[in-house]
Amino acid sequence: MNTPCPIYFGPAARPLFGLLHASQSSIPPRVGLLICNPLGYDAICSHQTTRQLASSAAACGIPALRFDYDGTGDSAGDDTDPDRLQAWIDSVREAIECLRSTAKVDSVCILGIRLGATLALLASQSRTDVSGLVLINPVTSGRRYLRELRALGATSSAIVTEASTPADIQE
C-alpha cells in the first residue's frame, strides 16, 4: 500500500488540504480518481473505505485524490462561514484542477458519497475534463437530508446523555 502525499491546493487565501495517492505504474496515467467524501458522521463511517479505495486505485495505476472541502477538516475556514454550498462546489472544482495538474492526467473520474456525490454532480456540470461519475447514495432532497441529520443528532444526544460519566466507570 502506498503512502499518500499530503498537499495544499486552491486559493492561497483559503487553501484546501488533500492526500494524493500517486500512481504506482510506470505507464503514465490518462485518468485520475477524485474522491468526494460525505460530510459529518457519514465521513467518519466511510473514511477507511475511501482510503483503501484510493490506495487500490493508485496500485492499479490510477492516481487518486482525497480532500477536505473548504471549512472542513484540515482545509482553511470553518463550517460557520457563509455560502457553504458554493464553497464546497468550488472545492470540488479546485480538486479536479489539482489532480489534473499534479498527476498530469487528461481527465478525472469522480466518486462521490452522499452529499459528496451531490457536490460532485454539481461541480462537474459543463466540464469536459470529467470522464465519469460514480454517485453513491446522493442527497437528492435537502429537506429529507436535514430530517436524517436531525434524527441522527437526536439519537447521538440520547447516547451522550445515557453514557457513563467518569465517576460511573469502575476499573
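Now for a look at the structure at hand. Once a new chain begins, its residue numbering starts again from 1 and follows that chain's sequence as written. Under the rules for a predicted model, residues below a pLDDT of 70 receive no local features and side-chain atom pairs below 80 are neither given nor counted, while totals for whole chains, interfaces and linings still include all residues. Only heavy atoms go into the side-chain values, all of them from the structure, while hydrogens and water stay out.

What follows concerns the packing of aromatic side chains. A pair of aromatic rings is counted whenever rings of Phe, Tyr or Trp (Trp by its six-membered ring) have centres within 6.5 Å, and the orientation is called stacked for planes under 30 degrees apart, edge-to-face for over 60 and tilted otherwise. A complete count under the given rule lists four aromatic pairs for this structure. When the centroid spacing of 5.1 Å and the interplanar angle of 75° are considered together, the rings of Phe-67 and Tyr-69 count as edge-to-face. The two residues Phe-67 and Tyr-69 agree in class, both being buried. Among the aromatic residues, those joined into a cluster by ring pairs are Phe-9, Phe-67, Tyr-69 and Trp-88. Using a 1.4 Å probe on the protein chains alone, a residue whose accessible area is under 20% of its type maximum counts as buried, one over 50% counts as exposed, and one in between counts as partly exposed.

Below, the discussion takes up the pattern of salt bridges. Basic side-chain nitrogens of Lys or Arg form a salt bridge, by our definition, when they fall within 4 Å of a carboxyl oxygen of Asp or Glu. In total, this model carries nine salt bridges according to the counting rule given. For the salt bridge of Arg-114 with Asp-42, the shortest nitrogen-to-oxygen distance reads 3.5 Å. Here Arg-114, found in the loop between β5 (107-113) and α3 (115-124), pairs with Asp-42, found in helix α1 (residues 41-59); they are 72 residues apart in sequence, far enough to count as distant. Relative accessible area serves as the criterion here: at 26%, Asp-42 is assigned to the partly exposed category. Here the residues in one salt-bridge network are Arg-14, Asp-70, Asp-81 and Arg-84, joined through shared partners. Strands here are runs of E lasting at least two residues and helices are runs of H or I lasting at least four, both read from the DSSP assignment and numbered beginning at the N terminus.

A separate point is the nonpolar core. The tendency in soluble globular proteins is for nonpolar side chains to be buried side by side. What is meant by a nonpolar core is a set of buried Ala, Val, Leu, Ile, Met, Phe, Trp, Tyr and Cys residues, joined one to another through side-chain atoms within 4.5 Å. Within the largest apolar cluster, 28 residues are counted, with the highest numbers of intra-cluster contacts made by Leu-34, Leu-65 and Val-92. Elements represented by at least two residues in this core include exactly β1 (5-9), β2 (16-21), β3 (31-36), β4 (64-67), α2 (84-103), β5 and α3. Top element by residues in this core is α2. It accounts for eight residues. Any pair of residues with heavy atoms lying within 4.5 Å of one another is described as a contacting pair. Excluding residues within four positions of it along the chain, Val-92 makes contact with Leu-34, Cys-36, Phe-67, Tyr-69, Leu-119, Ala-120 and Ala-123. Counting seven residues, the second largest nonpolar core, distinct from the first, contains Ile-35, Ala-54, Ala-64 and Ile-113.

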